[in-house]
Amino acid sequence: MKEQLLDVLKLYFGYNSFRPLQEAVITSILQKKDTLALMPTGGGKSICYQIPALMMEGTAVIVSPLISLMKDQVESLQANGIAAQALNSSNDETTNASLRFQCQQGKIKLLYISPERLLSEIPFLLQDIKISLFAIDEAHCISQWGHDFRPEYTQLNVLRERFPDIPIIALTATADKITQQDILKQLHMRNPQIFISSFDRPNLSLTVKRGLRQEKKLRTILQFIHRHDKECGIIYCMSRSISEKLTNILQNHGINAAAYHAGLRNKEREKAQEDFVKDRIQVMCATVAFGMGIDKPNVRWIIHYNLPKSIESFYQEIGRAGRDGLPGETLLFYSFSDIILLTKLASQSNQQKLNMEKLHRMQQYAEADICRRRILMNYFGEAMEEDCHNCDVCKNPPKRFDGTIIVQKALSAIARTNEQTDIQTLIEILRGSAGENIIKNGYDKLKTYGAGREIPTSDWKDYLLQMRNLGYFEIAYNENNRLKLTDSGRKVLFGQAQAVLVVTKHPSKKENIPPKTYSKTTDIQTNSFISPLSTKEDVTLFERLRLLRKELAERQKIPPYIILSDKCLHQITAIKPKTIEAFGQISGIGEYKKEKYGKEFIDIIRKFTTN
Ligand code: ADP
Ligand code: ZN
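Remember, it's a predicted structure, so these values are computed and weren't measured experimentally. (Residues numbered from 1 in each chain as written. Chains lettered and ligands numbered in written order. Predicted model: local features only at pLDDT ≥ 70, side-chain atom pairs only at ≥ 80, totals over all residues. Heavy atoms only, no water.)

## Remarks on unusual backbone geometry
Leaving glycine out, the prevailing phi sign among residues is negative, and the prevailing peptide bond configuration is trans.
Okay, so step 1: Phi is positive for His389, which is not a glycine, with a value near 60 degrees.
Okay, so step 2: With respect to the secondary-structure elements, His389 resides in the loop between α16 (372-379) and α17 (392-395).
Okay, so step 3: Positive phi values are uncommon outside glycine, yet Asn481 reaches one of about 60 degrees.
Okay, so step 4: Along the chain, the position of Asn481 falls in the loop between β15 (473-476) and β16 (482-485). (Helix = DSSP H or I, 4+ residues; strand = E, 2+ residues; numbered from the N terminus.)

## Some points on the packing of aromatic side chains
Okay, so step 1: This structure, assessed with the given rule, holds 10 aromatic pairs.
Okay, so step 2: Arranged with centres 6.4 Å apart and planes meeting at 90 degrees, the rings of Trp460 and Tyr463 form a pair that is edge-to-face. One end of the pair, Trp460, and the other, Tyr463, are both in helix α21 (residues 457-469), 3 residues apart, so they sit about a helical turn from each other.
Okay, so step 3: Residue Trp460 is classed as buried on the basis of its relative accessible area of 0%.
Okay, so step 4: Taken together, the ring pairs in this structure connect Tyr260, Phe276 and Phe290 into an aromatic cluster.
Okay, so step 5: The residue whose ring lies beneath Lys217 is Tyr305, and the NZ or CZ to ring-centre distance is 4.0 Å.
Okay, so step 6: The ring of Phe276 has Lys296 sitting right over it, with the charged end atom 5.5 Å from the ring centre. (Phe/Tyr/Trp six-rings, centres within 6.5 Å; stacked < 30°, edge-to-face > 60°. Buried < 20%, exposed > 50% of the residue type's maximum accessible area, 1.4 Å probe, protein only. Lys NZ or Arg CZ within 6 Å of the ring centre and 35° of its normal.)

## Observations concerning the coordination of the zinc ion (ligand 2)
Okay, so step 1: The coordination sphere of the zinc ion (ligand 2), as far as protein atoms go, consists of Cys371 (SG), Cys388 (SG), Cys391 (SG) and Cys394 (SG), spread over 2.3 to 2.4 Å.
Okay, so step 2: Bound by 4 donor atoms, the zinc ion (ligand 2) shows angles of 102 to 120 degrees at the metal and therefore tetrahedral coordination geometry.
Okay, so step 3: Here the donor residues of the zinc ion (ligand 2) share one chain and are spaced in sequence as C-x16-C-x2-C-x2-C. Placement of the pair is Cys371 in the loop between α15 (352-367) and α16 and Cys394 in helix α17, with a sequence separation of 23 residues. Take Cys371 and Cys394: they sit in the same class, and that class is buried. (Donors = N, O, S within 2.8 Å, 3.2 Å for Na, K, Ca; no water. Tetrahedral: all angles 85-135°; square planar, octahedral: opposite > 155°, others 65-115°.)

## Details of the sheet that holds strand β7 (residues 193-196)
Okay, so step 1: Taken together, the 7 strands give an open sheet; going across it, the order is β3-β4-β2-β5-β6-β1-β7, and neighbouring strands pair in parallel fashion. The open sheet is flanked by β3 (84-87) and β7, the only strands paired with a single partner. If you compare each strand with its neighbour and ignore which way they point, the axes differ by 20 degrees on average.
Okay, so step 2: When strand β1 (residues 35-38) meets β7, the two strands line up parallel, connected through 4 bridges. In the sheet register, Ala37 faces β7, and the bridge partner there is Phe195. (Pairing = 2+ DSSP bridges. Axes fitted to C-alpha atoms, helices over the stretch in contact; angles between N-to-C directions.)

## Quick notes on the site of ligand 1
Okay, so step 1: Neighbouring ligand 1 are 14 residues; Tyr15, Ser17, Gly42, Ser46 and Arg323 lie closest to it.
Okay, so step 2: Between an oxygen atom of ligand 1 and a side-chain N or O atom of Arg19, the distance comes to 3.2 Å.
Okay, so step 3: Burial of ligand 1 by the surrounding chains reaches 80%, relative to a free accessible area of 570 Å².
Okay, so step 4: Of the residues that constitute the shell around ligand 1, the class distribution is 4 nonpolar, 7 polar and 3 charged. (Near = heavy atom within 4 Å. Polar contact = N/O pair within 3.5 Å; in protein donor to acceptor, adjacent residues only side chain to side chain. Areas by Shrake-Rupley, 256 points an atom, 1.4 Å probe, with all protein chains shown as cover. Nonpolar A, V, L, I, M, F, W, Y, C, P; charged D, E, K, R; others polar.)

## Here's the deal with the side chain of Gln273
Okay, so step 1: Here Gln273 lies in helix α12 (residues 266-277).
Okay, so step 2: Relative accessible area serves as the criterion here: at 17%, Gln273 is assigned to the buried category.
Okay, so step 3: When neighbours within four sequence positions are excluded, Gln273 is seen to be in contact with Ser68, Tyr260, Met284, Phe290, Gly293 and Ile294. (Contact = heavy atoms within 4.5 Å.)

## Here we look at the sheet that holds strand β13 (residues 328-334)
Okay, so step 1: Here we have 6 strands laid out as an open sheet, ordered β8-β13-β12-β9-β11-β10, and parallel in their pairing. What marks the edges here is a single partner per strand, and that holds for β8 (204-210) and β10 (257-260). Strand-to-strand twist across the sheet, computed as the mean angle between neighbouring axes with direction ignored, equals 15 degrees.
Okay, so step 2: Judged from the 4 bridges that link them, strand β9 (residues 233-236) and strand β11 (residues 283-286) form a sheet pairing that is parallel. Counterpart to Gly233 in the pairing with β11 is Val283.

## Describing the nonpolar core
Okay, so step 1: By size, the foremost hydrophobic cluster in this structure holds 92 residues, and its most contacted members are Tyr365, Leu411, Leu464 and Phe473.
Okay, so step 2: Residues within four places of Leu411 in sequence aside, it is in contact with Met467, Tyr472, Phe473, Leu485, Gly489, Val492 and Leu493.
Okay, so step 3: Residues Val63, Leu125, Ile129 and Phe163 belong to the second largest nonpolar core, which totals 33 residues. (Core = buried A, V, L, I, M, F, W, Y, C linked by side-chain atoms within 4.5 Å.)

## Looking at the pattern of salt bridges
It is possible for side chains bearing opposite charge to pair when their charged atoms get close.
Okay, so step 1: If you walk through the whole model with that rule in mind, you get 35 salt bridges.
Okay, so step 2: A salt bridge links Lys445 to Asp444; the nearest nitrogen and oxygen atoms lie 3.8 Å apart.
Okay, so step 3: When the shortest N-O distance is used, the salt bridge between Asp566 and Arg549 registers 3.1 Å. Here Arg549 lies in helix α23 (residues 536-556) and Asp566 lies in helix α25 (residues 566-575), a separation of 17 residues in the sequence. The burial state of Asp566 is the same as that of Arg549; both residues are buried.
Okay, so step 4: Here the residues in one salt-bridge network are Lys271, Glu274, Asp275, Lys278 and Arg280, joined through shared partners. (Salt bridge = Lys/Arg side-chain N within 4 Å of Asp/Glu carboxyl O.)

Below you can see the structure in the form of structure tokens.
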């Protein structure tokens, strides 16, 4: 059996081995058992139902919540020579009628469909076609506990009753227990087989930078993008206006960036998304509206310009990088202003307590001085035994020092202003600023005025964040964000306790902002970060292969990654296959792609190597 599964995997998808749990899930479905598969983004869920669909008699019906997701899946399958189609509202009725006819004739192996459409098609499906299995993709949409609840999904409960002999498989990347139970219950699954794979994404590096001033933040971002020359990434921003401003700034630095948020017209949004998917835009400055429904496997990095509101959102957003399993780099910025704004929003929301708690956990993550991945995995109920060595804390453990005097200066200034100042004013007092606000309130007469002049503002911000997290003072969010001392703060202030702080980290000043060398017209592609091409010749060959891929993609009007993945292109460059058979040996190239593209790629390699 195992051999047979591997044959199908190689034949259609070109891969030589299964990812963890894929084989177990496939076997369960082939045995016609109801199955729940929980795997992280990029874990390879699709193949879990696609292989059974190919091996079983009849048509597999796949419920998917978004047209863009269906389109991507169908194009990927068709690119592997598999008969897949989508029945949805973006088709005209003639197309849908013809699809129904093809289903009746048993010509379609996988039929993607939206939940509401499925319900209206039940009389037809039930009567006329042979169904091999039902796959419910993004199955967490069925649960009110999940974050993407869709009322249409709840009606899928009729499937079990109406189709008693057909296996149902539910797939999701949302792991929490309540959602899990809800999926089983709502779908009326019978004796379900449950498969949960690790949610760790070891290929994603994790870094947090706190309290950076605006210009430093920008400088850090420009350096970051410069390092990722031509590699696509997303910058998540807290608001529409931030995403637009940032887009402008990046464009002024010659970076190929676009904005994406709910305020754009549908057309503009769709265009921005399509340009990003097709490698025509390198950087997307987006609000959280961007991401769902994008299966682009070669997003190489994610920056959070602001602190996300929960660990769930954060993990989902960084999860959009490195779906292809190659390295992805993530960077999170956060500052007092984020905390103040998010706290305000959470306290005004319906589920105040829950949202405050979630924000608090997010903050703890950002403040951590232990391995960040351990915190994440722990949050999702998965204990990690060892440090990850791929987060900033692991790579660069924080250095500590006795910060008692610094803390005392700040706390003393808080006390001397009768706890009436906010962070900004406190820093101005400590730095001895002659601002209007300071003079007007007579703060320049305080004993602590200018007592922290030698410490730059950005360091003060960082120390104050630390002090707040150490519980030395609180921010009264509902009283103009004024600062109030706590008991443990008073202990330090009166010399009864010591305060240990972490040395602040700064982005290097030596690295200059990159020159404007990007061209807005050239398309984007992955490069050295993934697998340094060893020679200049390889770089040239890679470029030629990439151009061919782009041409093929444009001719067929599909994204380049659907033709061949970045991983494939790198392997072809390294191995330089000169026969069609050798080309077909490469991981990710199945029989169909071998026949369809082999010759054109080999021609380039042959010409290149005889030159
Ligand atoms: P998910 O839906 O879980 O986010 P996908 O099904 O889109 O993930 O798969 C993510 C990527 O991994 C795809 O590019 C897919 O082709 C690839 N992939 C899946 N299974 C394997 C495998 N066994 N070997 C190599 N690559 C795989
Ligand atoms: Zn770590």
